[in-house]
Amino acid sequence: MSDTSFLTLDKLSLAYGNTVAVKDLDLDIRKGELLALLGPSGCGKTTTMRSIAGLMTPVGGRIRLDGADITRVAANKRAVGLVFQSYALFPHLTVFENVAFGLKLKGMRGAELEAKVASGLKSVGLAAFADRKTPELSGGQQQRVALARSMVMEPKVLLLDEPLSNLDARLRLEMRTELQRVQKESGVTMIFVTHDQVEALALADRIVVMKNGAIEQIGTPEEIYNHPVSSFVADFVGFENIFAIRDGKLVAGTGEVFLSGKLPEAAGLAWRPRAISLGSGPLKGIVRGVSFAGGTREYVLETPLGIIKAEVDAALPAHALGTDVAFDLPVGSAAPLKRFG
Ligand SMILES: Nc1ncnc2c1ncn2[C@@H]1O[C@H](COP(=O)(O)OP(=O)(O)OP(=O)(O)O)[C@@H](O)[C@H]1O
Ligand SMILES: [Mg+2]
């Protein structure tokens, strides 16, 4: 555990009966940090969150929060808030009553309660909606009520499990900004689960990429985006052209592959489509797909290495479907991968 760690998961193992969902997970989260958990379906994101919230007892390892071991502390004594994808608001209660619910359970009443709920609603921009019933709100507004309801409890950690996945694209973007603002203003430590790499990159201070119940990589959005450690992470963050290196050579469909530059000591190399140089180079492909994407044109090439995806400035002359095109995979523009697979 590092000195700066506020929430520590130490060799955490979680299982459903005989099914191990999370294995020996180590994670240090700093106070005030916004951490995103990113990974494919079934990799253990929700399970990890449930254990932090106290809804599931670990089969191994410990959880520490703010200096105390909370591994076996009851959920309602942990000061951990949880917001799910389904907001689980009480439909028969007003917005005010929904946000006041947990505070009332704690015995808060009168002017103190009024002020607390009012300030919670104000912080999510819903001051004018206090008297509405929750089914009379939009999806984004309901999600904000759920956020306010958790925030007023002043949790030490707020867990959000895919809170934006029920919202349409525009609302998602709005709520993303809103979440970031609320988190920065309140300074609450937040763990945010998402499938969506764009959301994770946009929101998080650090991203944890999970695979099969274990951590594949932890880093800042820049580190994850630019320096994926493995082909799994590279694939997840949009490197479309990913190759293994074996015996000092790029593993490709057929024949020898000539690249400009010496291959580094790595298990593989990954190129984003825009890192491919098209129009010249030692490699040849046939244009099998071309689509205009505003500022750029996206190409699908059939090559001896398999399918290559390239993205180039749309101002450059287009290569027509079915024509031959020369290209290069510049080694200097590739991300070297420590692990392949
Ligand atoms: N109640 C359960 N009983 C048995 N196995 C479960 C249960 N809930 C989850 N699992 C299994 O545990 C593993 C992790 O599930 P989890 O819900 O944590 O995944 P996730 O990363 O949140 O996925 P998603 O992105 O689909 O929400 C999966 O293999 C899943 O099938
Ligand atoms: Mg889940």
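Nothing here was measured: the structure is a model prediction, and the numbers come from that model.

Below, the discussion takes up the domain arrangement of the chain. Taken domain by domain, the chain comprises domain 1 (5-228) and domain 2 (235-337). Look at where the C-alpha atoms of domain 1 and domain 2 centre, and you get two points 39 Å apart. Taken together, the contacts link nine residues of domain 1 with nine residues of domain 2. Summed over both sides, the interface of domain 1 with domain 2 buries roughly 730 Å², with 66% coming from carbon and sulfur. The largest share of the area that domain 1 buries against domain 2 comes from Q197, Y225 and P228, three residues that together contribute 64% of it. In this assembly, domain 1 and domain 2 are joined by zero salt bridges.

In the vicinity of ligand 1, the contacting residues are Y16, A21, P40, S41, G42, C43, G44, K45, T46, T47, E162 and H195. G44 is positioned such that a nitrogen or oxygen atom in its backbone is 3.0 Å from an oxygen atom of ligand 1. Within the complex, 59% of the 640 Å² of free accessible area of ligand 1 lies under protein. Here the shell around ligand 1 gets three residues from one element, more than from any other, and that element is helix α1 (residues 45-53). Split by residue class, the shell around ligand 1 holds four nonpolar, six polar and two charged.

Rules of the game
Residues numbered from 1 in each chain as written. Chains lettered and ligands numbered in written order. Predicted model: local features only at pLDDT ≥ 70, side-chain atom pairs only at ≥ 80, totals over all residues. Heavy atoms only, no water. Domains from an automatic or database assignment. Contact = heavy atoms within 4.5 Å. Buried area = accessible area lost by both parts, 1.4 Å probe. Salt bridge = Lys/Arg side-chain N within 4 Å of Asp/Glu carboxyl O. Near = heavy atom within 4 Å. Polar contact = N/O pair within 3.5 Å; in protein donor to acceptor, adjacent residues only side chain to side chain. Areas by Shrake-Rupley, 256 points an atom, 1.4 Å probe, with all protein chains shown as cover. Helix = DSSP H or I, 4+ residues; strand = E, 2+ residues; numbered from the N terminus. Nonpolar A, V, L, I, M, F, W, Y, C, P; charged D, E, K, R; others polar.

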